[in-house]
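Okay, here's what each chain looks like letter by letter:
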Amino acid sequence: MAKEFVKDVTAMDEDFAQWYTDVVTKADLIDYSSVRGSMIIRPYGFALWDNIKNELDRRIKETGHENVYMPLFIPESLLQKEKDHVEGFAPEVAWVTQGGSEELTERLVVRPTSEVLFCEHYKNIIHSYRDLPKLYNQWANVVRWEKTTRPFLRTLEFLWQEGHTAHATDEEAMEETIKMLNVYASICEEILAIPVVKGQKTEKEKFAGAKATFTIESLMHDGKALQSGTSHHFGTGFAEAFGIQYTDQEGKLQYVHQTSWGFTTRIIGALIMVHGDDRGLVIPPKAAPIQVMIVPIAQHKEGVLDFAYNLKNTLSRIARVDIDASDKKPGWKFNEYEMKGIPVRLEIGPKDIENKQVVLVRRDTLEKVVVPIAELEVKLPELLDEIQANLYNKALKHREERTSVALTLPELKETLETKPGFIKAMWCGDLACEEKIKEETTATSRCIPFEQEHLSDQCVCCGKEAKHMVYWAKAY
Ligand SMILES: [Zn+2]
C-alpha cells in the first residue's frame, strides 16, 4: 500500500540513505543551498527545531543557567592557547583572512565551538569565589568544514546550544557535567521518544581538551548509532591555559573547574531515523509543530467548513491544531500529512457531522478511531499521549532487539554484518585494541555505559584482562 501512494520515497529497506534524503526534502524540512554541505532549514523543519529548542531552553534555565551571546569570530592566537583543543579542531575550521579589500593582520576563525571565547571572558569576570559558579549558555550557529555532508547529520554550519560553566571545585564541575547529560537524556526520551544509553567516551573519542566526555547514544532504524548529546568535564586544563583564577575563602589563588555541553540540530536527523517509515516522517506528539491536522471531507457541502473551523478553535485550546481547507483532494492531503509525520489526522465530513463524530487516524499505526465529538476534548489528549508512549516503546524494543553481546573479535565482526546495532563487549582499556576493532570492523566505541555488565573477564580484542564493558557500533 505504502509504495502505491508515496511514489517518491525510496523504501527504507531498499536504500536507507536514499530514503533519508527523500524524507528530509519531501517532508519539506530542508532545501539545499548553493554552498556545498549547507542547508536551508524550511519553516516546517525550523518549527520542529523551535519546539526542541524551547523545551531544552526551559530546562537549561530551570537548572540555573543564563543565556549569553559570544562573537562569531575567534582570533587565531586565542584558538592556539589550549594545545589539544586547537589540534582537535584545526582540520575543520574555516578561516577569514580578508576584511573588505584588506588582508587581516591576524587571521580569524569562524567559531567551530566557543570554549576559548568563554575562557577569555571568564578570565575577565571571575576573580573571587563569590563570582562562582558561572553558568552560561548560548544558542548559536557554528561552522565545521566537513568533507562529506548530509542534511542535519553533518553540515558545514549547524545550530546548537553550548553551555559553558566555571566552578570552584572539581566535584561541582562533575555534578554539573552529569546534570546536563541527564537534561539531554530527558529531552530525548520524554520529548523526542528516543531511548538513549548514557555513558563515558573513551580517551580516544573524548572532546579535544576535555578531561572526560560523557555522551548519550541512540540507535537508528538501520542499526547505526548516533551520538545525541555530549557533556564535557574540563578539569582545570582550560583555566590553566587561559589563566582563569579566583581567590578562595582563605585568600588563596585557585584555578576554576570548567564544563561544556552541546546539543545540536543533528538530533532532527536522529528523530527522522528512529521513528520514520516508508510513508515518511513520524513525529512524536510532544515535538510535533502540528499535532492534529483537520482534513474536511466533501468540504463544498454546506456547513462542513464552518464546522471544521469551529472544531479547530475548540481543539486549539488543548493541542497544536491546523486545518487544510485548500481545494486539493483529501487523498492528496492524507499522503502529504503522513509524509510530514503529523501524529493525528482528523477527518470530518457531512455524515460525521450528522452523527456527531469525527474520524481520528494515528500516524504511528495508521489505525482509525471514530470518536464522538462530545468526547474529543478528553480522547484527543489521551490519544496523543498514547502515540508518544508507543513511539518510545517501539524504539526501545528495536534497540533491545539490535543490542548483542560479542566475546571475541570474529564474533563482533560477524554480528555487525548479520545484525547491525549496538554490540556489548569487554575491553582492556588499551588504545591499540580500540583502534584494531575500528580498523577491522569500522565500528567505534560509542561509550562505556554507566550501567556496566560483566560479560567475561577478557578483552574482546586481545584477550587480556578486561576493564570495562563498552558499547560498539557503526555510527553516523
Ligand atoms: Zn585489549
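The present account deals with the structure reproduced in this document. (Residues numbered from 1 in each chain as written. Predicted model: local features only at pLDDT ≥ 70, side-chain atom pairs only at ≥ 80, totals over all residues. Heavy atoms only, no water.)

Quick look at the overall build of the protein chain
Helices and strands together make up the secondary structure of the protein chain, namely 15 helices and 23 strands. Relative to a compact globule of 476 residues, whose C-alpha radius of gyration would be 23 Å, the protein chain shows 25 Å and is just as compact. The principal-axis extents of the C-alpha atoms in the protein chain amount to approximately 80 × 55 × 50 Å. Counting over 476 residues, the protein chain shows a buried share of 53%. Long-range contacts, defined as pairs at least 24 residues apart, comprise 69% of the intrachain contacts of the protein chain with a sequence gap of at least 6. Per element, the accessible surface of the protein chain, about 21,400 Å² overall, is 49% carbon and sulfur. Side-chain charges of the protein chain comprise 59 positive and 74 negative groups, with the mean position of each set lying 3 Å from the other. (Helix = DSSP H or I, 4+ residues; strand = E, 2+ residues; numbered from the N terminus. Rg over C-alpha atoms; globule rule 2.2 N^0.38 Å. Buried < 20%, exposed > 50% of the residue type's maximum accessible area, 1.4 Å probe, protein only. Contact = heavy atoms within 4.5 Å. Areas by Shrake-Rupley, 256 points an atom, 1.4 Å probe, with all protein chains shown as cover. Lys, Arg positive; Asp, Glu negative; His and termini not counted. Charge placed at Lys NZ, Arg CZ, Asp CG, Glu CD.)

Here's the deal with the sheet that holds strand S4 (residues 73-75)
Taking strand neighbours across the sheet as the criterion, the 3 strands line up as S4-S6-S5 in an open arrangement whose pairing is antiparallel. Sheet topology places S4 and strand S5 (94-99) at the edges, where each strand pairs with a single neighbour. Here the average twist between neighbouring strands, direction ignored, is 45 degrees. Bridge count for S5 against strand S6 (residues 102-110) is 5 bridges, and the pairing is antiparallel. Along S6, the bridge assignment pairs Trp-95 with Val-109. (Pairing = 2+ DSSP bridges. Axes fitted to C-alpha atoms, helices over the stretch in contact; angles between N-to-C directions.)

Observations concerning the coordination of the zinc ion
Listed as protein donors to the zinc ion are Cys-428 (SG), Cys-433 (SG), Cys-459 (SG) and Cys-462 (SG); their distances from the metal cover 2.3 to 2.4 Å. Each of the 4 donor atoms bound to the zinc ion contributes to angles spanning 104 to 115 degrees, and the resulting shape is tetrahedral. The sequence motif formed by the donor residues of the zinc ion is C-x4-C-x25-C-x2-C. (Donors = N, O, S within 2.8 Å, 3.2 Å for Na, K, Ca; no water. Tetrahedral: all angles 85-135°; square planar, octahedral: opposite > 155°, others 65-115°.)

As for the pairing of strand S10 (residues 212-219)
Counting buried residues along S10, 8 of its 8 residues qualify, which places the element largely inside the surrounding structure. Burial along S10 is two-sided: the face carrying Ala-212, Phe-214, Ile-216 and Ser-218 and the face carrying Thr-213, Thr-215, Glu-217 and Leu-219 are both buried. For strand S9 (residues 197-200) and S10, the ladder comprises 4 bridges, and the chain directions are antiparallel. Residue pairing for S10: Gln-200 is matched across the bridge by Phe-214. Where S10 and strand S11 (residues 225-235) come together, 8 bridges link them in antiparallel fashion. Residue pairing in the sheet places Phe-214 in a bridge with Ser-231 of S11. As consecutive antiparallel partners, S10 and S11 are separated by 5 residues, and within that stretch Gly-223 has a phi angle of approximately 90 degrees, a positive value.

Some remarks on the packing of helix H3 (residues 43-62) against helix H7 (residues 170-191)
Between H3 and H7, the least distance of the axes is 10 Å, while the angle of their chain directions is 145 degrees. Seen from above, H3 lies across H7 with right-handed handedness. In this structure, H3 uses Ile-52, Glu-55, Leu-56, Arg-59 and Ile-60 to contact H7, whose residues at the interface are Met-180, Val-183, Tyr-184, Ser-186, Ile-187, Glu-190 and Ile-191. Along the lines of polarity and charge, the residues of the contact of H3 with H7 split into 8 nonpolar, 1 polar and 3 charged. (Left-handed = near helix turned anticlockwise from the far one by under 90°. Nonpolar A, V, L, I, M, F, W, Y, C, P; charged D, E, K, R; others polar.)

Topic: the packing of aromatic side chains
A complete count under the given rule lists 14 aromatic pairs for this structure. Arranged with centres 5.6 Å apart and planes meeting at 40 degrees, the rings of Tyr-122 and Tyr-136 form a pair that is tilted. Placement of the pair is Tyr-122 in helix H6 (residues 115-125) and Tyr-136 in strand S7 (residues 134-143), with a sequence separation of 14 residues. Each member of the pair Tyr-122 and Tyr-136 is classed as buried. Measuring from ring centre to ring centre gives 5.9 Å for Phe-207 and Phe-234, while their planes differ by 35 degrees; the resulting arrangement is tilted. Placement of the pair is Phe-207 in the loop between S9 and S10 and Phe-234 in strand S11, with a sequence separation of 27 residues. (Phe/Tyr/Trp six-rings, centres within 6.5 Å; stacked < 30°, edge-to-face > 60°.)

A word on helix H15 (residues 431-441)
Inspection of H15 places Cys-433, Glu-434, Ile-437 and Thr-441 among the buried residues, and these make up the whole buried set. Along the long axis of H15, the arc covered by the buried residues comes to 100 degrees, so they all point the same way. Relative to its buried face, H15 has exposed residues pointing more than 90 degrees away, namely Ala-432 and Glu-439. The elements touched by buried residues of H15 are helix H14 (409-418), strand S21 (422-427), strand S22 (444-449) and strand S23 (468-473). (Arc of directions from axis to C-beta.)

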